[in-house]
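Residue strings, one per chain:
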Amino acid sequence: MSAAFRKAAKARQRPHRERAQPAARTKLGLLEKKKDYRLRAHDYHKKQNALRALQKKALDKNPDEFYFKMIRAEVKDGVHVIKQQKDEITPEQVKLMRTQDIKYVEMKRVAEAKKIERLKAELHLLDAAGSGPRRHLFFVDTEREVQEFDIAAHLDTVPELVDRVYNRPTIATLQKETVKGPTDPVHLKKLAQQRKNQYDLLRQRIEREKAMFVISQKIQTRKDLLDKTHKVKVKKETTTGPAIYKFKFQRKR
(Lines give C-alpha, C1' and ligand atoms only; values in the text may rest on other atoms or scores of the structure.)
Protein backbone atom coordinates (compact mmCIF):
# COMPACT_ATOMS: atom_id res chain seq x y z
CA MET A 1 0.00 0.00 0.00
CA SER A 2 1.44 3.28 -1.06
CA ALA A 3 1.97 6.20 1.25
CA ALA A 4 -0.50 8.32 -0.73
CA PHE A 5 -3.25 5.67 -0.30
CA ARG A 6 -2.65 5.44 3.46
CA LYS A 7 -2.76 9.23 3.72
CA ALA A 8 -6.07 9.38 1.81
CA ALA A 9 -7.61 6.62 3.97
CA LYS A 10 -6.56 8.41 7.15
CA ALA A 11 -8.14 11.65 5.91
CA ARG A 12 -11.43 9.80 5.28
CA GLN A 13 -11.58 8.50 8.87
CA ARG A 14 -13.99 10.35 11.22
CA PRO A 15 -12.78 11.15 14.76
CA HIS A 16 -14.58 9.17 17.49
CA ARG A 17 -16.54 11.36 19.92
CA GLU A 18 -18.32 9.98 22.96
CA ARG A 19 -21.97 10.79 23.28
CA ALA A 20 -22.65 13.57 25.79
CA GLN A 21 -25.10 12.99 28.61
CA PRO A 22 -28.50 14.72 28.08
CA ALA A 23 -29.24 17.52 30.55
CA ALA A 24 -32.49 15.84 31.61
CA ARG A 25 -30.56 12.75 32.84
CA THR A 26 -27.85 14.52 34.85
CA LYS A 27 -29.87 13.92 38.05
CA LEU A 28 -29.52 10.13 37.51
CA GLY A 29 -25.77 10.22 38.03
CA LEU A 30 -22.74 9.98 35.82
CA LEU A 31 -23.17 8.51 32.36
CA GLU A 32 -21.36 5.25 31.78
CA LYS A 33 -18.33 6.21 29.74
CA LYS A 34 -15.01 4.67 29.07
CA LYS A 35 -13.16 7.38 31.03
CA ASP A 36 -15.69 8.01 33.82
CA TYR A 37 -14.30 5.50 36.30
CA ARG A 38 -12.20 8.15 38.05
CA LEU A 39 -15.16 10.46 38.49
CA ARG A 40 -17.39 7.64 39.70
CA ALA A 41 -14.74 6.44 42.12
CA HIS A 42 -14.22 9.94 43.51
CA ASP A 43 -17.99 10.39 43.97
CA TYR A 44 -18.29 6.98 45.65
CA HIS A 45 -15.48 7.65 48.14
CA LYS A 46 -16.87 11.10 48.92
CA LYS A 47 -20.23 9.61 49.86
CA GLN A 48 -18.60 6.83 51.92
CA ASN A 49 -16.55 9.41 53.86
CA ALA A 50 -19.70 11.43 54.56
CA LEU A 51 -21.50 8.33 55.83
CA ARG A 52 -18.56 7.40 58.10
CA ALA A 53 -18.49 10.95 59.51
CA LEU A 54 -22.22 10.81 60.29
CA GLN A 55 -21.84 7.40 61.95
CA LYS A 56 -19.00 8.69 64.13
CA LYS A 57 -21.02 11.77 65.08
CA ALA A 58 -23.97 9.56 66.07
CA LEU A 59 -21.74 7.31 68.19
CA ASP A 60 -20.11 10.27 69.95
CA LYS A 61 -23.40 12.02 70.72
CA ASN A 62 -24.31 12.47 74.37
CA PRO A 63 -27.85 11.13 74.95
CA ASP A 64 -28.38 13.76 77.69
CA GLU A 65 -27.39 16.67 75.42
CA PHE A 66 -29.91 19.49 75.21
CA TYR A 67 -30.04 22.96 73.73
CA PHE A 68 -32.98 25.29 73.27
CA LYS A 69 -33.08 25.08 69.49
CA MET A 70 -34.39 21.53 69.92
CA ILE A 71 -37.70 22.96 71.13
CA ARG A 72 -37.60 26.32 69.32
CA ALA A 73 -37.13 24.93 65.79
CA GLU A 74 -39.29 22.78 63.58
CA VAL A 75 -39.11 21.30 60.10
CA LYS A 76 -41.44 22.64 57.43
CA ASP A 77 -41.17 21.29 53.89
CA GLY A 78 -37.73 19.90 54.70
CA VAL A 79 -36.40 23.23 55.99
CA HIS A 80 -35.58 24.07 59.61
CA VAL A 81 -37.62 27.06 60.75
CA ILE A 82 -37.19 28.77 64.11
CA LYS A 83 -40.49 29.28 65.89
CA GLN A 84 -41.42 32.89 66.52
CA GLN A 85 -41.89 33.52 70.20
CA LYS A 86 -45.08 35.25 71.23
CA ASP A 87 -44.74 38.65 72.85
CA GLU A 88 -45.39 38.42 76.56
CA ILE A 89 -45.90 42.18 76.89
CA THR A 90 -49.32 43.71 77.10
CA PRO A 91 -50.22 46.89 75.17
CA GLU A 92 -50.39 48.80 78.46
CA GLN A 93 -46.82 47.75 79.29
CA VAL A 94 -45.66 48.85 75.82
CA LYS A 95 -47.25 52.28 76.34
CA LEU A 96 -45.53 52.60 79.70
CA MET A 97 -42.15 51.70 78.17
CA ARG A 98 -42.64 54.27 75.42
CA THR A 99 -43.54 56.87 78.08
CA GLN A 100 -40.30 56.13 79.95
CA ASP A 101 -38.34 56.50 76.70
CA ILE A 102 -39.94 59.86 76.00
CA LYS A 103 -39.16 61.08 79.53
CA TYR A 104 -35.51 60.03 79.22
CA VAL A 105 -35.05 61.70 75.81
CA GLU A 106 -36.84 64.82 77.01
CA MET A 107 -34.64 64.97 80.11
CA LYS A 108 -31.49 64.79 77.96
CA ARG A 109 -32.89 67.42 75.60
CA VAL A 110 -33.63 69.85 78.45
CA ALA A 111 -30.11 69.33 79.85
CA GLU A 112 -28.68 70.06 76.39
CA ALA A 113 -30.83 73.20 76.10
CA LYS A 114 -29.51 74.50 79.43
CA LYS A 115 -25.93 73.97 78.26
CA ILE A 116 -26.76 75.89 75.08
CA GLU A 117 -28.12 78.82 77.09
CA ARG A 118 -24.98 78.92 79.24
CA LEU A 119 -22.76 78.91 76.15
CA LYS A 120 -24.81 81.67 74.55
CA ALA A 121 -24.51 83.75 77.71
CA GLU A 122 -20.72 83.34 77.64
CA LEU A 123 -20.27 84.04 73.94
CA HIS A 124 -23.09 86.55 73.41
CA LEU A 125 -23.10 85.33 69.79
CA LEU A 126 -20.37 87.82 68.94
CA ASP A 127 -18.55 87.46 65.67
CA ALA A 128 -19.88 83.93 65.13
CA ALA A 129 -17.99 82.01 62.49
CA GLY A 130 -20.20 80.88 59.65
CA SER A 131 -22.92 83.42 60.40
CA GLY A 132 -24.49 85.44 57.63
CA PRO A 133 -22.83 88.62 56.37
CA ARG A 134 -23.60 91.68 58.49
CA ARG A 135 -24.59 94.99 56.98
CA HIS A 136 -24.53 98.38 58.63
CA LEU A 137 -26.43 100.92 56.54
CA PHE A 138 -25.62 104.62 56.64
CA PHE A 139 -27.95 107.13 54.99
CA VAL A 140 -26.69 110.29 53.35
CA ASP A 141 -28.35 112.94 51.21
CA THR A 142 -26.09 113.45 48.20
CA GLU A 143 -23.74 111.49 45.94
CA ARG A 144 -20.85 113.71 47.04
CA GLU A 145 -21.35 112.63 50.65
CA VAL A 146 -21.27 109.01 49.53
CA GLN A 147 -17.90 109.49 47.82
CA GLU A 148 -16.42 111.43 50.73
CA PHE A 149 -17.95 109.21 53.42
CA ASP A 150 -15.47 108.16 56.14
CA ILE A 151 -16.65 105.22 58.27
CA ALA A 152 -14.09 105.79 61.03
CA ALA A 153 -15.05 109.46 61.39
CA HIS A 154 -18.76 108.60 61.37
CA LEU A 155 -18.33 105.95 64.08
CA ASP A 156 -15.97 108.21 66.05
CA THR A 157 -13.26 105.58 66.32
CA VAL A 158 -9.86 104.76 64.88
CA PRO A 159 -9.61 103.00 61.46
CA GLU A 160 -8.02 99.91 63.07
CA LEU A 161 -11.27 99.19 64.98
CA VAL A 162 -13.73 99.71 62.14
CA ASP A 163 -13.92 95.99 61.22
CA ARG A 164 -14.90 94.97 64.74
CA VAL A 165 -18.59 94.38 65.32
CA TYR A 166 -18.26 94.45 69.11
CA ASN A 167 -16.10 96.18 71.73
CA ARG A 168 -15.44 99.14 69.46
CA PRO A 169 -14.44 102.07 71.76
CA THR A 170 -14.69 105.65 70.60
CA ILE A 171 -11.79 108.10 70.32
CA ALA A 172 -12.87 109.86 73.52
CA THR A 173 -12.81 106.57 75.41
CA LEU A 174 -9.38 105.73 74.05
CA GLN A 175 -8.06 109.15 75.18
CA LYS A 176 -9.36 108.65 78.71
CA GLU A 177 -8.44 104.99 79.16
CA THR A 178 -5.75 102.68 77.93
CA VAL A 179 -6.48 99.64 75.83
CA LYS A 180 -7.21 96.69 78.10
CA GLY A 181 -6.61 93.07 77.26
CA PRO A 182 -4.00 91.29 75.18
CA THR A 183 -2.46 93.11 72.25
CA ASP A 184 0.13 90.55 71.20
CA PRO A 185 -0.83 89.10 67.75
CA VAL A 186 0.08 85.55 68.84
CA HIS A 187 -2.12 85.82 71.91
CA LEU A 188 -4.94 87.35 69.89
CA LYS A 189 -4.74 84.50 67.37
CA LYS A 190 -4.93 81.95 70.18
CA LEU A 191 -7.98 83.68 71.67
CA ALA A 192 -9.64 83.75 68.25
CA GLN A 193 -9.08 79.99 67.88
CA GLN A 194 -10.55 79.35 71.33
CA ARG A 195 -13.58 81.45 70.46
CA LYS A 196 -14.01 79.52 67.20
CA ASN A 197 -13.87 76.21 69.10
CA GLN A 198 -16.53 77.47 71.49
CA TYR A 199 -18.80 78.40 68.60
CA ASP A 200 -18.25 74.98 67.01
CA LEU A 201 -19.26 73.36 70.30
CA LEU A 202 -22.33 75.57 70.47
CA ARG A 203 -23.33 74.60 66.94
CA GLN A 204 -22.94 70.89 67.74
CA ARG A 205 -25.06 71.22 70.87
CA ILE A 206 -27.80 73.04 68.97
CA GLU A 207 -27.88 70.28 66.32
CA ARG A 208 -27.96 67.61 69.05
CA GLU A 209 -30.85 69.33 70.79
CA LYS A 210 -32.81 69.49 67.53
CA ALA A 211 -32.14 65.78 66.88
CA MET A 212 -33.38 64.85 70.36
CA PHE A 213 -36.55 66.87 69.79
CA VAL A 214 -37.21 64.95 66.56
CA ILE A 215 -36.58 61.63 68.34
CA SER A 216 -39.04 62.47 71.12
CA GLN A 217 -41.67 63.39 68.52
CA LYS A 218 -41.18 60.10 66.68
CA ILE A 219 -41.45 58.10 69.91
CA GLN A 220 -44.64 59.96 70.81
CA THR A 221 -46.04 59.20 67.34
CA ARG A 222 -45.30 55.49 67.70
CA LYS A 223 -46.94 55.54 71.11
CA ASP A 224 -50.06 57.18 69.66
CA LEU A 225 -50.21 54.52 66.93
CA LEU A 226 -50.87 51.87 69.60
CA ASP A 227 -54.36 53.32 69.92
CA LYS A 228 -57.03 51.33 68.09
CA THR A 229 -58.67 54.46 66.71
CA HIS A 230 -58.95 54.62 62.92
CA LYS A 231 -56.18 56.78 61.50
CA VAL A 232 -54.94 57.94 58.09
CA LYS A 233 -51.34 58.82 57.29
CA VAL A 234 -51.09 62.38 56.02
CA LYS A 235 -47.32 62.77 55.75
CA LYS A 236 -44.47 60.25 55.67
CA GLU A 237 -41.74 60.16 58.27
CA THR A 238 -38.53 62.01 57.40
CA THR A 239 -35.14 62.51 59.02
CA THR A 240 -36.23 65.92 60.30
CA GLY A 241 -39.74 65.12 61.47
CA PRO A 242 -42.14 62.32 62.43
CA ALA A 243 -44.97 60.98 60.34
CA ILE A 244 -48.27 62.84 60.59
CA TYR A 245 -51.53 60.94 61.08
CA LYS A 246 -55.11 62.11 61.11
CA PHE A 247 -57.18 60.31 63.75
CA LYS A 248 -60.91 59.80 63.58
CA PHE A 249 -62.74 62.01 66.07
CA GLN A 250 -64.29 60.13 68.96
CA ARG A 251 -66.58 61.71 71.45
CA LYS A 252 -65.54 60.79 74.98
CA ARG A 253 -67.71 60.79 78.03
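In what follows, the structure referred to is the one given above.
Residues numbered from 1 in each chain as written. Predicted model: local features only at pLDDT ≥ 70, side-chain atom pairs only at ≥ 80, totals over all residues. Heavy atoms only, no water.

Novice: Is there a simple way to think about the nonpolar core in this case?
Specialist: If you look at soluble globular proteins, the nonpolar side chains tend to sit buried side by side. Counting five residues, the largest nonpolar core is built from Ile116, Leu119, Leu123, Tyr199 and Leu202. Looking at this core, the elements that each hand over two or more residues are helix H4 (91-123) and helix H8 (185-224). The element that contributes the greatest number of residues to this core is H4, accounting for three residues. With residues near it in sequence (within four places) discarded, Leu123 still touches Gln198, Tyr199 and Leu202. (Core = buried A, V, L, I, M, F, W, Y, C linked by side-chain atoms within 4.5 Å. Buried < 20%, exposed > 50% of the residue type's maximum accessible area, 1.4 Å probe, protein only. Helix = DSSP H or I, 4+ residues; strand = E, 2+ residues; numbered from the N terminus. Contact = heavy atoms within 4.5 Å.)

Novice: Explain the environment of Leu155 to me, please; I cannot follow it from the model alone.
Specialist: Among the secondary structure elements, Leu155 is positioned in helix H6 (residues 151-155). In this structure Leu155 touches His136, Phe138, Arg168 and Thr170, once residues within four positions along its chain are discounted.

Novice: Any chance you could explain helix H2 (residues 37-60) here in plain terms?
Specialist: For an α-helix, 3.6 residues make a turn, and residues three or four places apart therefore share a direction. Taking 1.5 Å of rise per residue, 24 residues should cover 34 Å, and H2 covers 34 Å from first to last C-alpha, within 8% of that figure. The buried fraction of H2 amounts to zero of the 24 residues, a small share that puts the element mostly on the outside. (Expected span 1.5 Å × (residues − 1).)

Novice: Please explain the side chain of Glu112 as it appears in this structure.
Specialist: Within the secondary structure layout, Glu112 lies in helix H4. Glu112 gets classed as buried once you look at its relative accessible area, which sits at 7%. Setting aside its immediate chain neighbours within four residues, Glu112 contacts Arg205, Arg208 and Glu209.

Novice: Explanation requested: the packing of aromatic side chains in the structure shown.
Specialist: Aromatic rings considered in pairs are described by the distance between their centres and by the relative angle of their planes. Going through the model one piece at a time under the given rule, you end up with two aromatic pairs. For the pair Phe66 and Phe68, a centre-to-centre distance of 5.6 Å together with 70° between the ring planes defines the contact as edge-to-face. For the ring pair Phe138 and Phe149, a centre distance of 5.2 Å and an interplane angle of 40° mean the geometry is tilted. A residue pair is termed long-range when its members are at least 10 positions apart, and Phe138 in the loop between H4 and helix H5 (143-147) and Phe149 in the loop between H5 and H6 qualify at 11 residues. The exposure class of Phe149 is partly exposed, given its relative accessible area of 28%. (Phe/Tyr/Trp six-rings, centres within 6.5 Å; stacked < 30°, edge-to-face > 60°.)

Novice: Looking at this structure, how should I read a nonpolar patch on the surface?
Specialist: Together, Phe66, Tyr67, Phe68, Met70 and Ile71 line one region of the surface with nonpolar side chains, adding up to about 540 Å² of accessible area. Position of Phe68 relative to the elements: it lies in the loop between H2 and helix H3 (69-72). (Patch = residues over 30% accessible without salt bridge, like charges linked within 9 Å, V, L, I, M, F, W, Y side chains within 5 Å. Areas by Shrake-Rupley, 256 points an atom, 1.4 Å probe, with all protein chains shown as cover. Salt bridge = Lys/Arg side-chain N within 4 Å of Asp/Glu carboxyl O.)

Novice: Whenever I open this one, unusual backbone geometry confuses me. Can you help?
Specialist: Of all residues except glycine, most have a negative phi; of all peptide bonds, most are trans. You will see that Asp77, though not glycine, has its phi angle at about 55°, which is positive. Relative to the helices and strands, Asp77 resides in the loop between strand E1 (73-76) and strand E2 (79-82). Asp77 sits in the exposed class, given a relative accessible area of 83%.

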